[in-house]
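# Architecture at a glance
What follows is the residue order along each chain.
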Amino acid sequence: MVGTVSTFNSERAPCGRKVGGERTREDDSEGLLMDTIIYKCGCRWVREQYHDGSFDVRVVRHDGRILSDEHSGMHEG
Ligand SMILES: [Zn+2]
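Sequence order as written defines the numbering, with residues in each chain counted from 1. Owing to the predicted nature of the model, reporting of local features is limited to residues with pLDDT of at least 70; listing and counting of side-chain atom pairs is limited to 80 or more, with chain, interface and lining totals taken over all residues.

### A word on the pairing of strand β3 (residues 33-39)
If DSSP finds at least two bridges between two strands, the strands pair. A run of H or I in DSSP becomes a helix once it reaches four residues, and a run of E becomes a strand once it reaches two; helices and strands are each numbered from the N terminus. In the sheet, strand β2 (residues 18-27) pairs with β3 via seven bridges, with the strands oriented antiparallel. Within β3, the residue paired with T24 across the bridge is T36. Here β2 folds back onto β3 in antiparallel fashion, the turn holding five residues, of which G31 has a positive phi close to 95°. Here six bridges tie β3 to strand β4 (residues 44-49), and the two strands are oriented antiparallel to one another.

Shown next as structure tokens:
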């Protein structure tokens, strides 16, 4: 597992505030890529990408409300 952490000072959080936070990218040997952003206000944005190219994106506001939870597959059509 390889993880990279970077910080930012002013980004627009899912709730609309401009706050700082931390971004983590993790890559495991099986091709799973995980991208997590944790904002200072408590909002979270998580993206998991699988080896087949499909991914899940989940956005959780600082009060715990799920704003978005979607799955994108590679299915044709
Ligand atoms: Zn927030």
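### Considering the pairing of strand β5 (residues 55-60)
As paired elements, β4 and β5 share six bridges and run antiparallel to each other. Directly across from E48, in β5, lies its bridge partner D56. Once β4 ends, the chain turns through five residues before running back antiparallel as β5, passing G53 with a positive phi of about 95°. Both β5 and strand β6 (residues 66-72) contribute to a ladder of six bridges, which runs antiparallel. Bridging from a neighbouring strand, R58 pairs with D69 of β6. Linkage of β5 to β6, two consecutive antiparallel strands, is achieved through a turn of five residues, within which G64 is found at a positive phi near 95°.

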